[in-house]
Amino acid sequence: MIKVSSQPLRAKGGETVVYPVRQRKSKAPTCPDRQVSSYLKEAFALGDFSGKVDEKLVFYLPAASPGKGGGKPVRILAVGLGKEDPDRELFRKVGGEIARAVAKLKVGKLRIRMLEDPGFSLAENAKALTEGLILGTYRFDRHKKIKKGEEPKRIREIIIHSSRAQTLRAAVFQGKTAAVAVCSARDMANEPGNFLTPGDFARMGRELAEKHGLACKVFEKAAMKKMGMGGIVAVNQGSAQPPKMVVLEYRSTGRAAPTLLLVGKGLTFDSGGISLKPGSGMEDMKYDMCGGAAVMAVMQAIGELKPDGINVVGIVPATENLPGPEALKPGDVITLYNGKTVEVINTDAEGRLILADALAYGVDKFKPAAVVDIATLTGAVIIGLGHHRTGLLGNDDKLAEKLLAIGDSCGEPSWRLPLGEEYEKQLKSEIADLKNIGGRPAGTITGACFLKEFVGDIPWAHLDIAGTAWNYTKKSYIPKGPSGVGVRTLIELVMNWK
Ligand code: BES
Ligand code: MG
Ligand code: ZN
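Because the structure is a prediction, the values reported are computed rather than measured.

K.L.:
What's the story with the coordination of the zinc ion (ligand 3) in this structure? I'm lost.
P.N.:
Reference values for angles at a metal are 109.5 degrees in the four-donor tetrahedral case and 90 or 180 degrees in the six-donor octahedral case. The protein atoms that coordinate the zinc ion (ligand 3) are Lys265 (NZ), Asp270 (OD), Asp288 (OD) and Glu350 (OE), at distances spanning 2.0 to 2.4 Å. Here the zinc ion (ligand 3) binds six donor atoms, and the angle range of 78 to 175° at the metal identifies the geometry as octahedral. Site description for the zinc ion (ligand 3): donor spacing in sequence, K-x4-D-x17-D-x61-E. The distance between the zinc ion (ligand 3) and the magnesium ion (ligand 2) comes to 3.2 Å, with Asp270 serving as a donor to both metals. With a gap of 18 residues between them, Asp270 in strand S10 (residues 266-270) and Asp288 in the loop between S10 and helix H8 (290-305) connect regions that are remote in the sequence.

And the structure:
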């Protein structure tokens, strides 16, 4: 639980209070509490704490009112923000640092005195701090036996104190909602393939819809066959788990609003199929559903935030890619939802086949104003951009620039790669409309070129998160394992539509 309070901060004995403080030129950092400031001054005098970025100081004050809190001292955590005007990313990182520090101290309740310098946006920074706190607290221990008495203590309650509480409230709520959604996406991703199947995507979709008043439709294999979704059906052939296509719809109230379509790759395990992947590291392919998880998580947040003036449809095509006896084979020709035929050269390029069906269906059915898909699509994006930026491609400059800018401000940067006829030629097939791979050169681009064939002329952007969905750039608010990348970017896109 996270609250914003305009009450003056008076901690009871045993409580923990956090003061983010700025570094000053050859002077001790200060904070709104005189007693705390005097301690900071002593620490500065001995060279122990100056308020630099990443610096932390823990000390203890006698309880203000000995009656309350049994006369226990108050724990103070001062965290440095450095000299520069702190931006959102710094507050997110500081939030993560605080979460890590208090996890070690086994703190259950936290009060934070928000810094109120006039030079920057209080609401945006409080939102970023909130995101950092929640994202930095994330852990996944569902499959571990925890010994009695060794249960990790989690933060249950965070109270942000600010004299301008009213200006912070909505932003903190949005930050909390987005961060909790990211944590759901991380949970889905962390679940191994035998715990999170396409059927589980369907169940989660129904639960989300129930909870937040969204519409949910799940297409079963027979329906997909009938509708001509030859991509997802083909990829599923080698698996014993039936495929699902989850469609979630958020409708805003009032006048007719434009629809944004989001499509996420929900490959719950990608072995490569008959074009089998090498064994080493194959376990990571349980993460091949991170795009799908991101779309589910965005729909969860949208269901809570209920934005005006925009409708959002989220589609998650979900299946495993396994080399069972009925599996799709290299050389097979399949027909996708929009009637295009594809010669499958490599069964490991399966994401584009299921996304193509979902994109073509979504465009056809919902006539969206714009489409964004998010997928762990190509290993090649890791060669190009490493684990630090998401690959962004698309047919619309305005949408692409918007996503680039939002990504930068969210701490989820992406980098745009080109599309073009030269690359499209790489997908030419001798016997069908398209091949599903374009060879080694420009693998990320040819992957996107394939998808482009299924969106028509609607403004469309593709986020290739193969490099960022896990093993992401190390930061205090990003744990090892899945990052939940894309969730906050897409929530911002929806919330700042227009
Ligand atoms: N899920 C993989 C992409 C991937 C690879 C994600 C490594 C994260 C880390 C995708 O289905 C795939 O196998 N792509 C192939 C495409 C190739 C056959 C054209 C790849 O990248 O090797
Ligand atoms: Mg694959
Ligand atoms: Zn895949």
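K.L.:
Would you mind going over the sheet that holds strand S17 (residues 434-435) with me for this structure?
P.N.:
Within a sheet, each strand pairs with its neighbour through backbone hydrogen bonds, oriented either parallel or antiparallel. Taken in spatial order, the three strands of this open sheet run S12-S13-S17, and their pairing is mixed. In this open sheet, the two edge strands, each paired with only one partner strand, are strand S12 (333-335) and S17. In the sheet, S12 pairs with strand S13 (residues 341-343) via three bridges, with the strands oriented antiparallel. What sits directly across from Val333, in S13, is Glu343.

K.L.:
Which parts of the structure should I look at to understand the packing of H8 against helix H14 (residues 487-495)?
P.N.:
For any two helices packed against each other, one specifies the inter-axial angle together with the distance between the axes. For the pair H8 and H14, interaxial distance at closest approach is 9 Å and the crossing angle is 40°. One way to sum up the angle between H8 and H14 is to call them oblique. When you trace H8 past H14, the crossing you get is right-handed. Of H14, the residues touching H8 (which contributes Ala294, Ala297, Val298, Ala301, Ile302 and Leu305) are Val487, Leu490, Ile491, Val494 and Met495. Across the contact of H8 with H14, the residue classes break down as 11 nonpolar, no polar and no charged.

K.L.:
It is not clear to me how the nonpolar core should be interpreted in this structure. Could you clarify?
P.N.:
Formed by 68 residues in total, the largest nonpolar core has its most connected members in Phe201, Leu260, Val372, Val487, Leu490 and Leu493. Residue-level mapping places this core at the junction of two domains, with at least three residues from each of domain 1 (2-178) and domain 2 (196-495). Non-local contacts of Val487, meaning those with residues more than four positions away in its chain, are made with Ala178, Ala181, Val182, Ala185, Ala294, Ala297, Val298 and Glu412. Within the second largest apolar cluster, 44 residues are counted, among which are Met229, Ile315, Ala375 and Ile445.

K.L.:
Whenever I open this one, the coordination of the magnesium ion (ligand 2) confuses me. Can you help?
P.N.:
Within the first shell, the magnesium ion (ligand 2) binds the protein through Asp270 (OD), Asp348 (O), Asp348 (OD) and Glu350 (OE), at distances of 2.0 to 2.2 Å. Taken together, the six donor atoms coordinating the magnesium ion (ligand 2) span angles of 69 to 167° at the metal, a pattern that classifies the geometry as irregular. For the magnesium ion (ligand 2), the single-chain donor residues occur in sequence as D-x77-D-x1-E.

K.L.:
Would you take a moment to explain the pattern of salt bridges for this structure?
P.N.:
Oppositely charged side chains are able to pair whenever their charged atoms sit close together. As enumerated under the stated definition, the model contains 30 salt bridges in all. Measuring nitrogen to oxygen at the nearest pair gives 2.8 Å for the salt bridge that ties Glu89 to Lys475. Here Glu89, found in helix H2 (residues 88-105), pairs with Lys475, found in the loop between strand S18 (460-464) and H14; they are 386 residues apart in sequence, far enough to count as distant. A residue is classified by how much of its surface remains accessible, and Glu89, at 15% relative accessible area, is buried. For Lys475, a relative accessible area of 15% puts it in the buried group. The closest approach of N and O atoms between Arg142 and Glu191, which form a salt bridge, is 2.7 Å. Of this pair, Arg142 sits in the loop between helix H3 (122-137) and strand S6 (157-161) while Glu191 sits in the loop between helix H4 (165-190) and helix H5 (198-212), and the two are 49 residues apart along the sequence. Given a relative accessible area of 53%, Arg142 falls into the exposed group. Each of Glu89, Arg92, Glu131, Glu412, Lys475 and Arg488 takes part in a single network of salt bridges with overlapping partners.

Rules used throughout
- Residues numbered from 1 in each chain as written.
- Chains lettered and ligands numbered in written order.
- Predicted model: local features only at pLDDT ≥ 70, side-chain atom pairs only at ≥ 80, totals over all residues.
- Heavy atoms only, no water.
- Donors = N, O, S within 2.8 Å, 3.2 Å for Na, K, Ca; no water.
- Tetrahedral: all angles 85-135°; square planar, octahedral: opposite > 155°, others 65-115°.
- Helix = DSSP H or I, 4+ residues; strand = E, 2+ residues; numbered from the N terminus.
- Pairing = 2+ DSSP bridges.
- Axes fitted to C-alpha atoms, helices over the stretch in contact; angles between N-to-C directions.
- Parallel < 35°, antiparallel > 145°, perpendicular 65-115°, else oblique.
- Left-handed = near helix turned anticlockwise from the far one by under 90°.
- Contact = heavy atoms within 4.5 Å.
- Nonpolar A, V, L, I, M, F, W, Y, C, P; charged D, E, K, R; others polar.
- Core = buried A, V, L, I, M, F, W, Y, C linked by side-chain atoms within 4.5 Å.
- Buried < 20%, exposed > 50% of the residue type's maximum accessible area, 1.4 Å probe, protein only.
- Domains from an automatic or database assignment.
- Salt bridge = Lys/Arg side-chain N within 4 Å of Asp/Glu carboxyl O.

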